[in-house]
Amino acid sequence: MKVKKKEVCSPQPVTPPPTGEGTGDKWSGSLQSMFELALESQGPERTARLLEKLANQLRAGSPELLRTFNTPYINTIPPDQQPPYPGDRDIERRIKSYIRWNAMAMVVKANSTTNVGGHISTYASAATLYEVGFNHFFRGQSAQPLRAGAGFPGDLVYFQGHAAPGVYARAFFEGRIDERHLQNFRQELAEGGGLSSYPHPYLMPEFWQFPTVSMGLGPLLSIYQARFNRYLQARGLVNWKEEPKVWAFLGDGESDEPETLGSLTLASRENLDNLIWVVNCNLQRLDGPVRGNGKIIQELEAAFLGAGWNVIKVIWGGSWDELLARDKSGLLIKRMEEAVDGDYQKYSVEPGSYTRRHFFSKYPELLELVNHLTDEQIHKLVRGGHDPRKVYAAYKAAVEHKGQPTVILAKTVKGYGLGEGGEGRNITHQQKKLNEKELREFRARFNISISDDVIAEMPFYRPPADSAETKYLLERRKVLGGFLPARKFIPKPLDVPKLDDFAELLKGSDMEVSTTMAFARLIKILLRHKGIGRNLVPIIPDEARTFGLDALFKDIGIYSSKGQLYDPVDSQSLLYYNEKKDGQILEEGITEAGSMSSFIAAGTSYATHAVPMIPFYIYYSMFGPQRVGDLFWLAGDIRAKGFLLGATAGRTTLNGEGLQHQDGHSLLHASTIPTCLPYDPAFAYEIAVIVADGLRRMYAEGEEIFYYLSLYNENYPMPPMPADVEDGILKGLYKFKTGPEIPQPGSAGVSPAHTKLAGKMPALPGIKAHIFGSGPIIHSALKAQEILAERYNVSADVWSATSYKLLRTDAIRCKRWNVLHPTQPPQKSHIETLLAKEQGVFVAVSDNIRTVPDQIAPWVPGGLMTLGTDGFGRSDTRARLRRFFEVDAESTVIATLYALAQKKLVEPQLVEKAIKDLAVDPEKLQPQIV
Ligand SMILES: Cc1ncc(C[n+]2csc(CCOP(=O)(O)OP(=O)(O)O)c2C)c(N)n1
Ligand SMILES: [Mg+2]
């Protein structure tokens, strides 16, 4: 009989024979002795290798066996490998206690007179995790403020958003902020200013570096930041004596966000040993347990190990070491593994007697193990994340680890120290108030010297400047290179190109090209520019070929930390896929979130490293703010600079693709971001003007803003730049082509044919229309201009509307000023000034939803008639799509005549006639459903 491979390597060897005969015990006993012998004679490393080899043999035949990515539920670093603690633990404990108190008092105080909210329990659980970092690991900038590329930029720490009160409380202790700031926590508009609720560089630009409070974004950004640091080094743009570490602190609940775990393999693939994550596993999120019926630490361990990270678990505090050492039965670890997080949460809330009864008493041996401990002592068996020695050991191992990123999974108690006021309770996340009894308990637990008569007022406590604690704290920060977080840098203006450098785009071309192709030309010009060429960071999520940017592969190379270990299949071709250690392109693969993270890392490099970098992130427009809008928002908060290029834009210009691809609303999304300048250019010269001015504003003048440009893939000849339009392009609107003088019927020079075409209801003398067009849809306006003149005796001027948002914000600014200064001569916005001189009706047409042009409607004399692509896209040709959405030339003509009819400048019958003439079906489907 043929024996199958699986049977040969059957699981029998690891399955003990039935124990009734006693053979099983003997078998496992001898295996154990062999193992001990191997350990003793060969040492742990060789034994581990042997076991791995044996395990692989077993797996080869039975892949379902030994498939585990978990280690036992104990600390990764055994006590005998724990380094001595280098600090003064007593002083550090006192410092931490004062910070705990102030962090708590700031929230409780703010909520005693207001309802501004805040969080106590997150920092309460994370205090040790931060304090060990501040006293021993986090390195500050070598020089404050930072200078370009030199010195040491400081470690980059992503603080968990809800732990902000603890970071402020430490800054208070360090003398960086004063009591007034703490008083005004979450009251930024109060007299004298206050502190922002969470890390927001936009609101506290010299303090916070990284926004984190939208869960998942901090972890994701930290990976791309660590990789960007490597990119800067590989390209020789920085010359650091030491490499900064990127530390990201996050919550265990936060790990459920797909952004948190979504890019783990990038970090391991890129060997980012400059990256350390600390997951505060307090087992709780906002509503309750993270994994009541399981164990979040074990779940995360498996995910991180599988993704190739170095995992360090910090589960048990030092007081457990002795119990684990004395337990020869292995039952303690077994029991630790049996209990689920819901149980552990309960142990933190209930007295020690409960833990004795429910945890230890399951096995008589365990009960015996804790016989010598009182209930109180059992309750005080701390978790690893609250034990500075364990945390220190983990951090030290992490900073010294080579070749992989490290994650520290630290087990803590949410609301640690709040006692009955919230420790471990399901409501603790929302806890913002403590009563006097709870305050007293907190004070007693952490030994804060505040007297009974003032405790109800929750005074902030800062020991005197000459106290041992203050001296120690300041000395530690001095040794570690200064305070943190800090966002201070010397701006380095770049020698940006002049508009003339883009002559090629300004002069236009008879050849038909798209604005995407024009952009590809522009980026080539920029890459060759002496002043900024090296600072450019082209970022592409697997769409370079779609946008005609694959030529860049050869020219500047794709960044890869490993270079190119293979001969690319297209190596013989001119535009081969060229990966290089100092490549300039960030080809991110299919991850818009990752690409935005790179955009943000590059776009903030001017501040993080004092090295201004200019990201140009080009992507499929539909997968921009619609897909990763929160990162767009964050780019504003973090004061990122650079250019976002939403290519293949336009609900009708991107034909064929249909509902999921055709974007007609990104410009609206982009308009919502306060620091974003959105543009919808129609012609190559407009792109040149916008980019040249953007470079000047951001990289010469230092403005902390970013640009969003829609790019399209429709080809047409590019006109040369008309005179005196730059200002209008930048402000959002300029006249592109004046309509013809229309001789009125009956006057000399009017051909009978013309009069006949216009029918019995010619336009009245002197009427005028204005059509605002954007992007390729400007051609609907231009063609409508012809039809209106030729067939309906209407003269229409065509305007290029490059940015409705900018027109609107300018108009709002003026209006607001006028409202607040009613007796002074009113200010006039650009749109009002421009249109004041014009007569007639105004129509807007674009490849976006109507709300985009509608942004300026209140300032258009007589109102604005808007056409747009509201509704879901369809797969079809451009012509049919434009008719469907009513943004083609014919629909524009009809809308213009209708606007004139409404003003009684033409008869309604003329509109009806045009509908017939132009073969538009008045009963056609309406694209927008509700
Ligand atoms: C994207 C996002 N969704 C929801 C929230 C609201 N929120 C703030 S904190 C929190 C719970 C956090 O739990 P965890 O990550 O475990 O942090 P912990 O406070 O327990 O350390 C939630 C749901 C948010 N800030 N961001
Ligand atoms: Mg949590």
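Relevant structure appears above.
Residues numbered from 1 in each chain as written. Chains lettered and ligands numbered in written order. Predicted model: local features only at pLDDT ≥ 70, side-chain atom pairs only at ≥ 80, totals over all residues. Heavy atoms only, no water.

1. Some thoughts on the coordination of the magnesium ion (ligand 2)
Thinking step 1. The protein atoms donating to the magnesium ion (ligand 2) are Asp252 (OD), Asn282 (OD1) and Gln284 (O), with metal-donor distances spanning 2.0 to 2.2 Å.
Thinking step 2. Within one chain, the residues serving as donors to the magnesium ion (ligand 2) are arranged as D-x29-N-x1-Q. Residues Asn282 and Gln284 agree in their burial class; the two are buried. (Donors = N, O, S within 2.8 Å, 3.2 Å for Na, K, Ca; no water. Buried < 20%, exposed > 50% of the residue type's maximum accessible area, 1.4 Å probe, protein only.)

2. Some points on the site of ligand 1
Thinking step 1. Close contacts around ligand 1 come from 18 residues, with Thr122, Gln160, Asp252, Gly253 and Lys414 the closest.
Thinking step 2. One nitrogen or oxygen atom from the side chain of Asp252 is found 2.8 Å from an oxygen atom belonging to ligand 1.
Thinking step 3. One of the side-chain N or O atoms of Asn282 is found 3.0 Å from an oxygen atom in ligand 1.
Thinking step 4. Protein coverage of the free-state accessible area of ligand 1, which is 590 Å², stands at 76%.
Thinking step 5. Residue composition of the shell around ligand 1, by class: 3 nonpolar, 10 polar and 5 charged. (Near = heavy atom within 4 Å. Polar contact = N/O pair within 3.5 Å; in protein donor to acceptor, adjacent residues only side chain to side chain. Areas by Shrake-Rupley, 256 points an atom, 1.4 Å probe, with all protein chains shown as cover. Nonpolar A, V, L, I, M, F, W, Y, C, P; charged D, E, K, R; others polar.)

3. Looking at the side chain of Glu174
Thinking step 1. Along the chain, the position of Glu174 falls in the loop between helix 5 (164-173) and helix 6 (179-183).
Thinking step 2. A polar atom in the side chain of Glu174 sits 2.7 Å from the side chain of Arg170.
Thinking step 3. Setting aside residues up to four positions removed in sequence, Glu174 forms contacts with Leu473, Leu474, Arg477 and Phe483. (Helix = DSSP H or I, 4+ residues; strand = E, 2+ residues; numbered from the N terminus. Contact = heavy atoms within 4.5 Å.)

4. Digging into the environment of Gly873
Thinking step 1. You can see Gly873 is positioned in the loop between strand 20 (865-867) and helix 35 (878-885).
Thinking step 2. In sequence terms Gly873 and Leu505 are 368 residues apart; their C-alpha atoms lie 31 Å from each other.
Thinking step 3. The residues contacting Gly873, other than those within four sequence positions of it, are Arg651, Gly658, Leu659, Gln662 and Phe885.

5. Regarding the sheet that holds strand 19 (residues 841-845)
Picture the strands of a sheet paired through backbone hydrogen bonds; they go either parallel or antiparallel.
Thinking step 1. Pairing in this open sheet of 5 strands is mixed, and the strands run 16-18-17-19-20 from one edge to the other. Among the strands making up the open sheet, the edge pair consists of strand 16 (733-737) and strand 20. Direction aside, the axes of adjacent strands within the sheet are offset by 25 degrees on average.
Thinking step 2. Two strands pair when backbone bridges link them, and strand 19 and strand 20 are joined in this way by 3 bridges, in the parallel orientation. Following the sheet pairing, Val843 is matched in strand 20 by Met865. (Pairing = 2+ DSSP bridges. Axes fitted to C-alpha atoms, helices over the stretch in contact; angles between N-to-C directions.)

6. What about the pattern of salt bridges?
Thinking step 1. For the structure shown, the criterion picks out 49 salt bridges.
Thinking step 2. The closest approach of N and O atoms between Lys396 and Glu400, which form a salt bridge, is 3.0 Å. Of the two residues, Lys396 and Glu400 are both situated in helix 17 (residues 388-400); the distance of 4 residues between them amounts to about one turn of the helix.
Thinking step 3. By relative accessible area, which is 26% here, Lys396 ends up partly exposed.
Thinking step 4. A relative accessible area of 47% means that Glu400 is categorised as partly exposed.
Thinking step 5. Through salt bridges with shared partners, a single ionic network connects Glu131, Arg170, Glu174 and Arg176. (Salt bridge = Lys/Arg side-chain N within 4 Å of Asp/Glu carboxyl O.)

7. So, the sheet that holds strand 4 (residues 310-314)
Thinking step 1. Here 5 strands make up an open sheet; going across it, the order is 1-2-3-5-4 and the pairing parallel. Since the sheet does not close on itself, it has two edges, and those belong to strand 1 (156-158) and strand 4, each with one partner. Looking at each pair of strands side by side, their axes are set apart by 15 degrees on average, direction ignored.

8. So, the packing of helix 3 (residues 89-113) against helix 4 (residues 121-136)
Thinking step 1. The geometry of helix 3 relative to helix 4 is characterised by a closest axis approach of 10 Å and an angle of 135 degrees between their N-to-C directions. By the angle between their directions, the pair helix 3 and helix 4 is classed as oblique. Of the two elements, helix 3 crosses helix 4, and the hand of that crossing is right-handed. The residues of helix 4 that touch helix 3, namely those facing Glu92, Ile95, Lys96, Ile99, Arg100 and Ala103, are Tyr123, Ala124, Ala127, Thr128, Glu131, Asn135 and His136.
Thinking step 2. Of the residues assigned to the contact of helix 3 with helix 4, the class counts are 6 nonpolar, 3 polar and 4 charged. (Parallel < 35°, antiparallel > 145°, perpendicular 65-115°, else oblique. Left-handed = near helix turned anticlockwise from the far one by under 90°.)

9. Overview of the packing of aromatic side chains
Thinking step 1. Tallying each qualifying case throughout the model produces 57 aromatic pairs.
Thinking step 2. Geometrically, the ring pair formed by Tyr347 and Tyr354 is tilted, given 6.2 Å between the ring centres and 50 degrees between the ring planes. Considered together, Tyr347 and Tyr354 belong to a single accessibility category, that of buried residues.
Thinking step 3. A cation over an aromatic ring shows up here: Arg186 above the ring of Tyr198, its NZ or CZ 4.9 Å from the ring centre. (Phe/Tyr/Trp six-rings, centres within 6.5 Å; stacked < 30°, edge-to-face > 60°. Lys NZ or Arg CZ within 6 Å of the ring centre and 35° of its normal.)

10. Observations concerning helix 13 (residues 341-349)
Thinking step 1. Within the span of helix 13, buried status applies to Asp341, Tyr344, Gln345, Tyr347 and Ser348. Buried residues along helix 13 cover an arc of 160 degrees about the axis, so they all sit on one side.
Thinking step 2. Packed against the buried residues of helix 13 are helix 10 (296-306), helix 12 (331-338), helix 14 (352-358), helix 16 (375-379) and strand 5 (406-411). (Arc of directions from axis to C-beta.)

11. Let's talk about the nonpolar core
Thinking step 1. Ile223, Trp277, Trp309, Phe360, Met596, Phe599 and Phe772 are the most contacted members of the largest nonpolar core, which totals 104 residues.
Thinking step 2. When residues of this core are assigned to their parent elements, the largest contribution, 9 residues, is made by helix 7 (residues 217-234).
Thinking step 3. Discounting chain neighbours no more than four positions away, the residues touching Ile223 are Ser263, Leu264, Leu266, Ala267, Leu272, Leu275, Trp277 and Trp309.
Thinking step 4. Counting 94 residues, the second-largest nonpolar core is a separate cluster that includes Ile540, Ala769, Ile771 and Leu867. (Core = buried A, V, L, I, M, F, W, Y, C linked by side-chain atoms within 4.5 Å.)

12. Some remarks on unusual backbone geometry
Thinking step 1. At the junction of Leu484 and Pro485, the peptide bond is cis and its omega measures out at 5 degrees in the coordinates.
Thinking step 2. Note that Pro485 resides in the loop between helix 20 (468-479) and helix 21 (503-506).
Thinking step 3. Within the chain, Asn447 stands out as a residue other than glycine whose phi angle is a positive 55 degrees.
Thinking step 4. Phi angles above zero are rare outside glycine, and Asp542 is one such case at about 55 degrees.
Thinking step 5. When you line up the elements, Asp542 lands in the loop between strand 7 (536-540) and helix 23 (551-556).

13. Describing the pairing of strand 17 (residues 768-773)
Every regular strand shows the same layout, with side chains that alternate between the two sheet faces.
Thinking step 1. Burial of strand 17 is extensive: 6 of the 6 residues sit out of reach of the surface.
Thinking step 2. Here strand 17 shows a buried face lined by Lys768, His770 and Phe772 and a second buried face lined by Ala769, Ile771 and Gly773.
Thinking step 3. As paired elements, strand 17 and strand 18 (residues 795-801) share 6 bridges and run parallel to each other. Looking across to strand 18, one finds that Lys768 is bridged to Ser795.

14. Section: the packing of helix 3 against helix 20
Thinking step 1. Between helix 3 and helix 20, whose axes approach to 10 Å, the crossing angle comes to 95 degrees. Relative to helix 20, the element helix 3 lies roughly perpendicular. In this structure, helix 3 contributes Ile91, Glu92, Arg94, Ile95 and Tyr98 to the contact, and helix 20 contributes Ala468, Glu469, Tyr472 and Leu473.
Thinking step 2. Considered class by class, the residues forming the contact of helix 3 with helix 20 number 6 nonpolar, no polar and 3 charged.

15. What to know about helix 31 (residues 778-792)
Along an α-helix, residues three or four positions apart point the same way, because every turn accommodates 3.6 residues.
Thinking step 1. Taking 1.5 Å as the rise per residue, helix 31 with 15 residues should run 21 Å; its terminal C-alpha atoms sit 20 Å apart, in good agreement.
Thinking step 2. Buried within helix 31 we find Ile778, Ser780, Ala781, Leu782, Ala784, Gln785, Ile787, Leu788, Ala789 and Tyr792.
Thinking step 3. Remark: Asn793 follows helix 31 within two positions and exhibits a positive phi of approximately 55 degrees. (Expected span 1.5 Å × (residues − 1).)

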